[in-house]
Amino acid sequence: MTPRRILLTGATGFVGGHLGPALRRGFPDALLHAAAADVTDADALAAEVAALAPDACVHLAAIAAIPQAEHDPDTAWRVNLGGTLHLARAIQRHAPDSVLLFASSADVYGRSMAAGLPVDERALLAPTNVYAASKAAADLALGAMVGRGLRVVRVRAFNHTGPGQSEAFVIPAFARQAAAIAWAGAAPVLRVGNLDAERDFLDVRDVCAAYVACLRHAEAVLADGILNIASGSPRQLRDVMAELLALAAIAPTIELDPARIRPSDIPRSCGDAARARRLLGWSPVVPWEQTLRDVLDDWRRRITAAG
């Protein structure tokens with residue numbers, strides 16, 4: 001598929017900031033339109049879809065940070081489920097031939113990952129927090145709409161990071177503190193949560209490459225409709241922290257911060273992305289050290305700019 005008009009929601013967010021340029025590189029002749037309407041405003045969103053008549057839409061807009069969703073669950077449900085339904089209905093009505101790429105989340109698997117084994121797209125959805133539950137509900141709702149003609153691909157990406165990500169996520173949280181210690185004279189103390197947890201990390205640029213490939217191979221992907229995006233190689237947070245500290249050339253005291261412990265945490269998450277490799281020819285290519293270095297450099301620049 002070579003889309004001519006692409007609608008992108010959440011364009012100003014962390015992933016959107018990387019995906020916009022990736023879509024322009026992947027489809028240089030396409031019109032890329034960043035959605036202006038709030039996804040919780042059904043009428044405004046429908047008017048925007050009707051005006052653009054996109055043949056592809058990538059839906060990123062979401063309350064993505066687990067702490068934020070837990071603090072304000074009503075907004076998380078309104079955005080993550082309600083906003084997704086508003087968009088899907090607008091597409092069905094005004095652009096029925098469009099392909100909708102929904103950025104779901106591997107968090108929807110929840111307790112299905114408790115055994116620590118790689119999960120594929122057949123695993124049951126068993127979310128353990130508000131964010132994951134709202135994304136799982138949207139994921140299932142879109143799946144039910146396929147029977148009514150919705151052309152949708154649900155992409156369940158595992159943890160991804162990179163420059164520009166908020167410190168509400170674990171790797172930027174490490175990197176911000178490390179940068180403050182190394183370059184801003186902060187006290188040499190790093191506050192952490194559960195360092196024993198293992199996560200299947202990806203670089204955001206690899207995830208964006210998968211999204212572009214999903215649009216390019218849309219017809220093949222629509223037959224299955226669900227794709228995991230994962231490295232298949234979990235990393236322990238303790239090791240990730242140590243790598244970042246080595247890059248920053250610091251050796252701070254490590255302190256456990258109870259506020260950073262999540263009772264519903266899954267000890268080990270790992271994804272099976274065999275379907276994405278088969279259908280998209282996709283696999284991660286950004287070296288892990290580059291990912292960490294880029295996140296650390298991003299925080300060094302932010303802290304330096306802030307004085």
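What comes next concerns the included structure.

Cut-offs applied
- Residues numbered from 1 in each chain as written.
- Predicted model: local features only at pLDDT ≥ 70, side-chain atom pairs only at ≥ 80, totals over all residues.
- Heavy atoms only, no water.
- Phe/Tyr/Trp six-rings, centres within 6.5 Å; stacked < 30°, edge-to-face > 60°.
- Lys NZ or Arg CZ within 6 Å of the ring centre and 35° of its normal.
- Core = buried A, V, L, I, M, F, W, Y, C linked by side-chain atoms within 4.5 Å.
- Buried < 20%, exposed > 50% of the residue type's maximum accessible area, 1.4 Å probe, protein only.
- Helix = DSSP H or I, 4+ residues; strand = E, 2+ residues; numbered from the N terminus.
- Contact = heavy atoms within 4.5 Å.
- Expected span 1.5 Å × (residues − 1).
- Axes fitted to C-alpha atoms, helices over the stretch in contact; angles between N-to-C directions.
- Parallel < 35°, antiparallel > 145°, perpendicular 65-115°, else oblique.
- Left-handed = near helix turned anticlockwise from the far one by under 90°.
- Nonpolar A, V, L, I, M, F, W, Y, C, P; charged D, E, K, R; others polar.
- Polar contact = N/O pair within 3.5 Å; in protein donor to acceptor, adjacent residues only side chain to side chain.
- 1 Å grid on protein atoms, 1.4 Å probe; cavity = no way out; pocket = protein on both sides within 12 Å on 5 of 7 lines; lining within 4 Å.
- Points joined across faces, edges and corners; volume = space filled by probe spheres on them.
- Salt bridge = Lys/Arg side-chain N within 4 Å of Asp/Glu carboxyl O.
- Pairing = 2+ DSSP bridges.
- Right-handed = clockwise from strand over helix to strand, strands pointing away.

1. Some thoughts on the packing of aromatic side chains
All told, the structure shown has two aromatic pairs when counted by the stated rule. When the ring centre of Trp-183 is taken as reference, the NZ or CZ atom of Arg-300 above it lies at 5.7 Å. The lysine or arginine in question, Arg-302, covers the ring of Trp-299, its NZ or CZ lying 3.9 Å from the ring centre.

2. Some thoughts on the nonpolar core
Residues Leu-19, Leu-23, Tyr-211 and Ile-229 are the most contacted members of the largest nonpolar core, which totals 49 residues. It is helix H7 (residues 204-216) that provides the largest number of residues to this core, a total of nine residues. Here Tyr-211 is in contact with Val-15, Leu-19, Leu-60, Leu-101, Ala-103, Val-155 and Ala-157, once residues within four sequence places are set aside. Ranked by size, the runner-up nonpolar core spans 29 residues in total, among them Ala-46, Leu-52, Ile-66 and Tyr-131.

3. Concerning helix H1 (residues 14-26)
Between its terminal C-alpha atoms H1 stretches 19 Å, which fits the 18 Å expected from 13 residues at 1.5 Å a residue. For H1, the complete set of buried residues consists of Phe-14, Val-15, Gly-16, His-18, Leu-19, Gly-20, Ala-22 and Leu-23. Buried residues along H1 sit in contact with strand E1 (5-9), strand E2 (31-34), strand E3 (56-59), strand E6 (160-161) and H7.

4. Observations concerning the packing of helix H6 (residues 170-184) against helix H11 (residues 288-305)
Where H6 meets H11, the closest approach of the two axes is 8 Å, and the angle between their N-to-C directions is 55 degrees. Looking at the two axes, H6 sits oblique to H11. At the point where H6 passes H11, the crossing takes the right-handed sense. Contact residues: H6 offers Ile-171, Pro-172, Ala-175, Arg-176, Ala-178, Ala-179, Ala-180, Trp-183 and Ala-184, while H11 offers Trp-288, Leu-292, Val-295, Leu-296, Trp-299, Arg-300 and Ile-303. Each residue belonging to the contact of H6 with H11 can be placed in one class, and the counts come to 14 nonpolar, no polar and two charged.

5. With respect to the side chain of Glu-121
Its location among the elements puts Glu-121 in the loop between strand E4 (99-103) and helix H5 (130-145). Engagement of the side chain of Glu-121 in a polar contact is seen with the backbone nitrogen of Asn-228, the distance being 2.8 Å.

6. Thoughts on H5
Helix length check: H5 (16 residues) gives 23 Å between terminal C-alpha atoms against 22 Å at 1.5 Å per residue, within 8%. In the core, the buried residues of H5 are packed alongside helix H3 (66-71), helix H4 (73-94), E4 and strand E5 (151-157). The opening residue of H5, the one whose side-chain oxygen lies 3.2 Å from the backbone nitrogen of Tyr-131, is Asn-129.

7. Brief notes about the layout of surface pockets
Of the pockets and cavities examined, the second largest pocket occupies roughly 160 Å³. Every residue along the wall of the second largest pocket is listed here: Phe-201, Leu-202, Asp-203, Asp-206, Ser-231, Ser-233, Arg-235, Pro-284, Val-286, Pro-287, Trp-288 and Thr-291. Residue composition of the lining of the second largest pocket, grouped by class: six nonpolar, three polar and three charged.

8. What to know about the pattern of salt bridges
Applying the stated criterion across every chain, the model contains 17 salt bridges. For the salt bridge of Asp-139 with Arg-156, the shortest nitrogen-to-oxygen distance reads 2.9 Å. Of this pair, Asp-139 sits in helix H5 while Arg-156 sits in strand E5, and the two are 17 residues apart along the sequence. Taking the relative accessible area as the measure of exposure, Asp-139 reaches 0% and is therefore buried. Owing to a relative accessible area of 3%, Arg-156 belongs among the buried residues under this scheme. Because the salt bridges share partners, they merge into one network encompassing Asp-139, Arg-154 and Arg-156.

9. Some points on the sheet that holds strand E10 (residues 226-229)
Strand order across the open sheet formed by six strands is E2-E1-E3-E4-E5-E10, with parallel pairing between neighbours. Where the open sheet ends on each side, the last strands, each with one partner, are E2 and E10. Looking at each pair of strands side by side, their axes are set apart by 20 degrees on average, direction ignored. Sheet topology places E1 next to E3; four bridges connect them, and they run parallel. Across the sheet, the residue bridging to Leu-8 is Val-58, located in E3. Running over the sheet, H7 touches E3, E4, E5 and E10 and is turned about 160 degrees from E5.

10. Description of the pairing of E5
Taken across its seven residues, E5 has six buried, putting it largely inside the fold. In this structure, E4 lies alongside E5, joined through five bridges in parallel fashion. Of the residues in E5, the one forming a bridge with Phe-102 is Arg-154. Regarding topology, H5 serves as the crossover connection from E4 to the parallel E5, and that connection is right-handed.

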